[in-house]
Amino acid sequence: MKTNFSRILIYGLGMMGASLSLALRKKKSPAEIVGVVGSPSSKEKGIRLKSADKLFTAEEFSKSPDWESYDLIVFGVPVNTTVEVISKLPSGFKGLLTDMGSTKQEITHAVESVLTGEHRYVSSHPMCGSEESGLEFANVDLYENRLCILTRPKGATDDAYSEIESFWKFLGMSTTEIPAHDHDKILSYVSHVPHLISSLMTNWVWENGCVREFTQNSPLPLTGGGFRDMTRIAGSNPKMWSPIFSSNQEEIYKALLDYKDRLDKLLSELNPEKPLDLKHWESFMEKSRIDRDAILKKQNDSKNP
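The protein is annotated in an unreviewed UniProt entry as Prephenate dehydrogenase of Leptospira haakeii.

Caption draft 1: Local environment of the sheet that holds strand S1 (residues 7-11). Taken in spatial order, the five strands of this open sheet run S3-S2-S1-S4-S5, and their pairing is parallel. A single partner strand is all that each edge strand has here, and the edge strands are strand S3 (54-57) and strand S5 (96-99). Taking each pair of neighbouring strands and ignoring which way they run, the sheet shows an average axis angle of 20°. Here S1 pairs with strand S2 (residues 32-37) via five bridges, running parallel. Of the residues in S2, the one forming a bridge with Tyr11 is Val36.

Caption draft 2: Geometry of the packing of helix H4 (residues 79-86) against helix H5 (residues 105-114). In contact at an axis separation of 9 Å, H4 and H5 are set at 5° when each is read in the N-to-C sense. Judged by the angle between their axes, H4 and H5 are roughly parallel. Note on element contacts: H5 touches H4 through Glu106, Ile107, Ala110, Val111 and Val114, opposite Val79, Thr82, Val83 and Ile86. Residues belonging to the contact of H4 with H5 are distributed by class as follows: seven nonpolar, one polar and one charged.

Caption draft 3: Seen up close, the packing of aromatic side chains. This model, assessed by the stated rule, comprises eleven aromatic pairs. Plain terms: the ring middles of Phe61 and Trp67 are 5.3 Å apart, the flat faces sit at 75° to each other, and that makes the pair edge-to-face. There is no split in this pair, since Phe61 and Trp67 are both buried. Among the aromatic residues, those joined into a ring-pair cluster are Tyr11, Phe56, Phe61, Trp67, Phe75 and Tyr121. The aromatic ring of Tyr161 is capped on one face by Arg152, whose charged end is 3.9 Å from the ring centroid.

Caption draft 4: Local environment of the sheet that holds strand S8 (residues 174-177). If you trace the three strands from one edge of the open sheet to the other, you get S6-S7-S8, paired in mixed fashion. The open sheet has two free edges, formed respectively by strand S6 (123-126) and S8, since each of these has just one partner strand. Sheet twist, expressed as the mean angle between neighbouring strand axes with direction ignored, is 25°. With four bridges joining them, S6 and strand S7 (residues 147-151) adopt antiparallel strand pairing. Each bridged residue has a counterpart across the sheet, and for His125 the counterpart in S7 is Ile149. Contacting S6, S7 and S8, helix H6 (residues 158-170) runs over the sheet at an angle of about 170° to S7. Most of the contacts of helix H7 (residues 180-206) go to S7, to which it runs at about 140°, and overall it touches S6 and S7.

Caption draft 5: Quick look at the environment of Ile149. By the element assignment, Ile149 lies in strand S7. Ile149 sits 142 residues away from Arg7 along the chain, and the two C-alpha atoms are 24 Å apart. Among residues more than four places away in sequence, those in contact with Ile149 are Ser123, Ser124, His125, Met127, Thr176, Ile178, His183 and Leu187.

Caption draft 6: Geometry of the nonpolar core. One finds Leu20, Tyr143, Phe167, Trp168 and Leu171 to be the most contacted residues of the largest nonpolar core, which totals 35 residues. Of all the secondary-structure elements, those providing two or more residues to this core are S1, helix H1 (15-26), S2, strand S4 (72-75), S7 and H6. Excluding residues within four positions of it along the chain, Leu20 makes contact with Ile10, Val74, Met100, Tyr143, Phe167, Trp168 and Leu171.

Caption draft 7: Structural context of the packing of H7 against helix H11 (residues 249-269). Remark: H7 packs on H11, axes separated minimally by 8 Å, with the N-to-C direction vectors making an angle of 60°. Viewed along their axes, H7 and H11 adopt a mutual orientation that is oblique. Handedness of the H7/H11 crossing: right-handed. Between H7 and H11, the residues in contact are His181, Asp184, Lys185, Ser188, Tyr189, His192, Val193, Leu196 and Ile197 and Glu251, Ile252, Ala255, Leu256, Asp258 and Tyr259, respectively.

Calculation criteria
- Residues numbered from 1 in each chain as written.
- Predicted model: local features only at pLDDT ≥ 70, side-chain atom pairs only at ≥ 80, totals over all residues.
- Heavy atoms only, no water.
- Pairing = 2+ DSSP bridges.
- Helix = DSSP H or I, 4+ residues; strand = E, 2+ residues; numbered from the N terminus.
- Axes fitted to C-alpha atoms, helices over the stretch in contact; angles between N-to-C directions.
- Parallel < 35°, antiparallel > 145°, perpendicular 65-115°, else oblique.
- Contact = heavy atoms within 4.5 Å.
- Nonpolar A, V, L, I, M, F, W, Y, C, P; charged D, E, K, R; others polar.
- Phe/Tyr/Trp six-rings, centres within 6.5 Å; stacked < 30°, edge-to-face > 60°.
- Buried < 20%, exposed > 50% of the residue type's maximum accessible area, 1.4 Å probe, protein only.
- Lys NZ or Arg CZ within 6 Å of the ring centre and 35° of its normal.
- Core = buried A, V, L, I, M, F, W, Y, C linked by side-chain atoms within 4.5 Å.
- Left-handed = near helix turned anticlockwise from the far one by under 90°.

Given below as structure tokens:
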């Protein structure tokens, strides 16, 4: 497992990038960590919080990027910005690179366009985000015991894959490999559409006049834990999520159509003009519980005394 990088660039020192920096320090990585942030105010904040050993704004970095001086480069910016930065890499660049993007087809296409032939770019997706954004929300244990999905663009070497896989394992992650198209389809179901539904649910509830009136007159929220849990991700960073919706538009659209078909069936079964089949709803909820356990890979307690 390779851990002896001497210089790591984290291009995009937001919550996940700053968490990565903290995690590397906790694991006693000997590397100098260089961070790139979007603005002078973020740079000042990063210096104050000691988020990296050295910090540049994107504008400062662009004047003299010096890509070759880094053992590992990690892009921690939104998908559209990752694609833009990839386009600026030197043609035929042989450095070790990865990203933390939430979609893969757009990124792998960009890599294959710029880094022709064999290269050392392997795309990553650590499944450990948060609705919080900004380096001040960094969490040193963010990557511990979580999954990182790895995706190989055409031309990525086996050695590069092994090094990137070892990097994430060094931080305490497990890894699995998924091709770009399958990744984006899966994420539309397990992440992207749930974010849209969470946001829609929030708007739907607050725009109901009765809910709003009595909420405003109540000393505490009228909701229980269920609503809070289902809408937590509605507070996510719009600047990060709008590029995700754009880069995975087709898969999100198809997944939403599938969801709509199931919602239409649900509406039909709840039609007040028809008697309610209680056994059907018991079976429906029981299947949901079983399916949720399967998705979350939860073991049946009875099988694990």
